[in-house]
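Take a look at the letters that make up each chain.
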Amino acid sequence: MMKRVLTTCPYCGVGCGFYLDVRNERLVGVIPSKSNSVSKGYLCVKGWHAHEPIQHPDRLKKPLIKENGKFKEASWDTALGYVAGRLKEIKDKYGPDALAVCTSARCTNEENFLMMKFARAALGTNNVDHCARTCHVPTVAGLNQSFGSGASTNSYDELPYMDCILIIGSNPTEAHPIAGWRVRSAIDNAAKIIVCDPRKILPAENASVYIQQYPGTDIALINAMIQFIVSEGLHAREFIAKRTEGFDALWEIVKDYTPESVKDITGVEPALIKEAAKLYATSKRSCIMYSLGMTEHTVGTDNVIAMANLSMVCGHVGKEFSGVYPMRGQNNVQGACDMGALPNVYSGYQPVSDEQVRKKFENAWGVTLPAAKGLTLTDMMFKAIEGSLKCFYIIGEDQLRTDPNTHWIEKALDSLEFLVIQEIFLTETARKADVVLPGASFAEKDGTFTCAERRFQRVRKAIEPIAGKTDGQIIYEIAKRLGYPMESDPEKVCAEMASLTPLFRGVSFERLEENGLQWPVYSNEHPGTPVVHLEKFIRGLGKFIPVKHKPPAETPDNEYPFILTTGRMLFHYNTGTMTRRTMNLLREYPRNFVQINPQDAQRLGIKKQEKVRVKTRRGELEVAAEVTDKVKAGVAWMPFHFSDEPTNVLTNNAFDPVCRIAEYKACAARVEKINSL
């Protein structure tokens, strides 16, 4: 028997649509959906193979409980009862804030809503967070301060019709390929492209202006662009006067950031900065596209604010064919944030500290809720090492491979009294667990994802859960054993979420069946909102916030003379949990590597593909050297997709003070030739 099920891609945050082909309850293929408003019949190489890992032999099929250091299979009833009993025991002994929950950007909106409700209503703690803490939390914090909403301002459909696209700290061709296709369409329509990136990515080859700044110098670069724009009278005076506040305070700071003055900081010629600034400012339809290259810094929030400042100075926001596009890394990282999987907000970014908001949720859930902001994922690790955090329940994340300074994360996990992991494969983090609960993939559940353009889209079950339960059912059953039964039917959970969340009031499965809806969706009759901030910013007036250049937490020195930065590749995704179980993708890039400039290779006597040692103050790896002029002299670049050669052994656990994201994109390193005996 053959059937075809329409669903949403589980990889990056673009949100492509495809059909899963199912024969006799086995996934056999993927067919792109031509009617999908995001992908329009196209898929990247990962999307074409999205079905393959789902039925891989490595899939977890039964719960595992560790006894004397070894896992033993257990029944669902035994495992769920054991987890609930240990959670209750730790809560009773140490209090609810000794427990923490990490939900998942890989799970549906409904499961994220359930998990944040589980933490707050069943466990009694606001210690709930997810992987946005390691990628796009600065977007939420920065754009919310500037605009009043921490999400993309415009829609993908506008990209092909832009006159100018400024791509900074983003590699859409590899990390978000279908968005990259939209950029290619804009180029075909005569758009001008500005690329600002420490690495010469593919879009740089078609750029009108390519700026190769040093990692960690983006604020100096953007402030210099603003300084030139205002000095030349290219700024949007009427827009600034009518729709913004704080311009004079901004100018007091940026007036000293001339293109000439930042040359030594950024490594960029002043003429290039001026050319890019003029092109962005004078083009009628201009937008900014950015990603983790801007957010994963100790100044990640300030980087986002700087981009918001630039967009408002030129009036390129709050209208069609303009705006700021944060390209989300995971399929539902936007949705996990939206659902309140954060320590300070409920769904729809409603503050836990607001008494009226809290009362609304208390009345709906029938419990008294904690008022104090919970721990971020970052601070959970610190508290685990200190000993005050005793228990961690993690869904769909491999912290030992995604978080910075792997040895530090390992120490934190080893310090816990009880660790529960809910996963589809036995990841490195799962190997540390006391209990492993087998989760379900996107193909085994119903629900919704929210892509980076704020679009709710349906996820539809194609096969039955391989381990017998969806993630939502697992959460429900543990909550029930703790004496707090919750609704687990995805459609009803979506309805509950909508009833409690003004931004999503009009969202329902029925209304999402065709092509989804872009929030805000204020009522059942509201059509959704492709462009936000049209007549006024959500916060009222857009706010200019002055930010200053600060160097990365670690800068090169005699011992560690390189700047190490990291990024994504086309053929792999995150820690490779799925793509490295896909033969056609693994064949293209089976091992980790480091890119260095030919000048550095010659100086160090390193040949192409020769194995080298990359060292930082936290660890070292031996990988092949790729010698290329894609990176500047003095810069080393590595992907982070290889769990057996984990780049995050090297990265720095220094954090943004506002949102506690780590500085993955800049740390001091040494690259050594390995001399054979």
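Anyway, here's the lowdown on the structure attached to this text. For every chain, the first residue of its written sequence is number 1, and the numbers climb from 1 along that sequence. Confidence filtering applies because this is a predicted model: local features only for residues at pLDDT of at least 70, side-chain atom pairs given and counted only at 80 or more, and all residues used for totals across whole chains, interfaces and linings. Side-chain metrics rest on all non-hydrogen atoms present in the structure, leaving aside hydrogens and water.

Moving on to the overall build of the protein chain. For the purposes of this entry, the term helix denotes a DSSP run of H or I that reaches at least four residues, the term strand denotes a run of E that reaches at least two, and both are numbered from the N terminus. Counting its regular elements, the protein chain contains 23 helices and 30 strands. The size measure is the radius of gyration over C-alpha atoms, and the globule rule it meets is 2.2 Å times the number of residues to the 0.38 power. Relative to a compact globule of 677 residues, whose C-alpha radius of gyration would be 26 Å, the protein chain shows 24 Å and is just as compact. Considered along the principal axes of its C-alpha atoms, the protein chain spans approximately 70 × 70 × 55 Å. Burial classes follow relative accessibility: with a 1.4 Å probe on protein chains only, a residue under 20% of its type's maximum area counts as buried, one over 50% as exposed, and anything between as partly exposed. For the protein chain, with 677 residues in total, the buried portion stands at 66%. A separation of at least 24 residues holds for 74% of the contacts in the protein chain among residues at least 6 apart in sequence. Every accessible area reported is derived by Shrake-Rupley at a probe size of 1.4 Å, with residue values counting cover from the shown protein chains alone. Split by element, the accessible area of the protein chain, about 23800 Å² in all, is 48% carbon and sulfur. Residues are treated as being in contact if the distance between any of their heavy atoms lies within 4.5 Å.

With that settled, consider the packing of helix α3 (residues 109-123) against helix α19 (residues 471-481). Between two packed helices, what matters for the description is the angle formed by their axes and the separation of those axes. Contact geometry of α3 with α19 gives a least axis separation of 9 Å together with a crossing angle of 20°. If you check the angle between α3 and α19, you find them roughly parallel. Helix-helix and strand crossings are classified by hand; for α3 and α19 the assignment is left-handed. Seen from α3, the contacting residues are Glu111, Leu114, Met115 and Phe118; seen from α19, they are Asp471, Gly472, Ile475, Ile478 and Ala479. Of the residues assigned to the contact of α3 with α19, the class counts are six nonpolar, one polar and two charged. Each axis is a line fitted through C-alpha atoms, and for a helix only the stretch in contact is used; angles between axes span 0 to 180 degrees, taken between their N-to-C directions. Relative orientations are named as follows: roughly parallel for angles under 35 degrees, roughly antiparallel for angles over 145 degrees, roughly perpendicular for angles from 65 to 115 degrees, and oblique for any other angle. Helix crossings get a hand from a simple test, with the near helix turned counterclockwise from the far one by less than a right angle marking a left-handed crossing and a clockwise turn marking a right-handed one. Note that Gly is not counted as nonpolar here; it falls among the polar residues with everything else outside the nonpolar set of Ala, Val, Leu, Ile, Met, Phe, Trp, Tyr, Cys and Pro and the charged set of Asp, Glu, Lys and Arg.

Salt bridges are defined by distance alone: a side-chain nitrogen of Lys or Arg within 4 Å of a carboxyl oxygen of Asp or Glu. In total, this model carries 48 salt bridges according to the counting rule given. Of the charged contacts in the structure, one is a salt bridge between Asp92 and Lys88, with a shortest N-O distance of 2.8 Å. Within this pair, Asp92 and its partner Lys88 are both found in helix α2 (residues 76-94), separated by four residues, close to a single helical turn. For Asp92, a relative accessible area of 54% translates into the label exposed. You can call Lys88 partly exposed: its relative accessible area is 48%. A salt bridge links Lys673 to Glu610, with the shortest nitrogen-to-oxygen separation between them at 2.6 Å. Of the two residues, Lys673 sits in strand β30 (residues 667-673) while Glu610 sits in the loop between α23 (598-604) and β25 (611-615), which places them 63 residues apart along the sequence. Linked through salt bridges whose partners overlap, the residues forming this network are Arg613, Lys615, Glu620, Glu622, Arg670 and Glu672.

What follows deals with unusual backbone geometry. Residue Pro520 follows Trp519 across a cis peptide bond; omega there is 0°. If you check the backbone angles, Ala190 has positive phi at about 80° while not being a glycine. Its location among the elements puts Ala190 in the loop between α6 (177-188) and β9 (192-196). Classification of Ala190 as exposed rests on a relative accessible area of 58%. Unusually for a residue other than glycine, Asn405 sits at a positive phi of about 55°. Within the element layout of this structure, Asn405 appears in the loop between α17 (399-402) and α18 (406-414).

Only strands that DSSP links by at least two bridges are regarded as paired with each other. The three strands lie next to each other as β19-β20-β21, forming an open sheet whose pairing is antiparallel. In the strand order of this sheet, the two ends are held by β19 (447-450) and β21 (517-518), each with one partner. Relative to β21, strand β20 (residues 455-459) runs antiparallel, the two being bridged by two bridges. Along β21, the bridge assignment pairs Arg455 with Gln518. This element, α3, spans β19 and β20 of the sheet and lies at about 95° to β19.

A word on the nonpolar core. Judged by nonpolar contacts, the single largest core of 59 residues is most densely connected at Phe118, Trp365, Tyr393, Leu437 and Ile478. The biggest single contributor to this core is α3, with nine residues. Aside from chain neighbours lying at most four places away, what touches Leu437 is Pro63, Trp76, Ala79, Leu80, Val83, Tyr393, Val420, Ile421, Gln422, Glu423, Ile474 and Ile478. Nine residue types can take part in a nonpolar core, namely buried Ala, Val, Leu, Ile, Met, Phe, Trp, Tyr and Cys, and a core is a set of them joined through side-chain atoms within 4.5 Å. In terms of nonpolar packing, the next biggest core, distinct from the first, is built from 53 residues, Val209, Ala236, Val317 and Val547 among them.

Once that is clear, we can look at the sheet that holds strand β3 (residues 26-32). Pairing is antiparallel in the open sheet, where three strands are placed in the order β1-β2-β3. Whereas interior strands pair on both sides, the edge strands pair on one side only; in this sheet they are β1 (2-8) and β3. The average undirected angle you get between the axes of adjacent strands in this sheet is 30°. Here seven bridges tie β1 to strand β2 (residues 17-23), and the two strands are oriented antiparallel to one another. When the bridges of β2 are listed, Thr8 appears paired with Gly17.

Here the focus is the side chain of Thr376. Looking at where Thr376 falls in the secondary structure, it is placed in the loop between α15 (355-365) and α16 (377-386). On the accessibility criterion, Thr376 (4% relative accessible area) is buried. Think of a polar contact as two N or O atoms within 3.5 Å of one another; within protein, one of them needs to be a possible hydrogen donor and the other a possible acceptor, and neighboring residues in sequence only count if both atoms come from side chains. Within the structure, the side chain of Thr376 is placed 3.0 Å from the side chain of Asp379, a separation counted as a polar contact. Filtering out sequence-adjacent residues up to four positions away, Thr376 remains in contact with Asp129, Arg133, Pro343 and Arg660.

Tracing the backbone shows His641 in the loop between β27 (635-639) and β28 (652-655). Residue His641 is classed as buried on the basis of its relative accessible area, which comes to 0%. Spatially, the C-alpha atom of His641 lies 9.0 Å from that of Thr402, the residues being 239 residues apart in sequence. With residues near it in sequence (within four places) discarded, His641 still touches Gly567, Arg568, Met569, His572, Tyr573, Asn574, Thr575, Gly576 and Arg580. Only 3.0 Å separates the side chain of His641 from the backbone nitrogen of Met569, close enough to count as a polar contact. Side-chain polar atoms of His641 contact the backbone oxygen of Asn574, separated by 2.7 Å.

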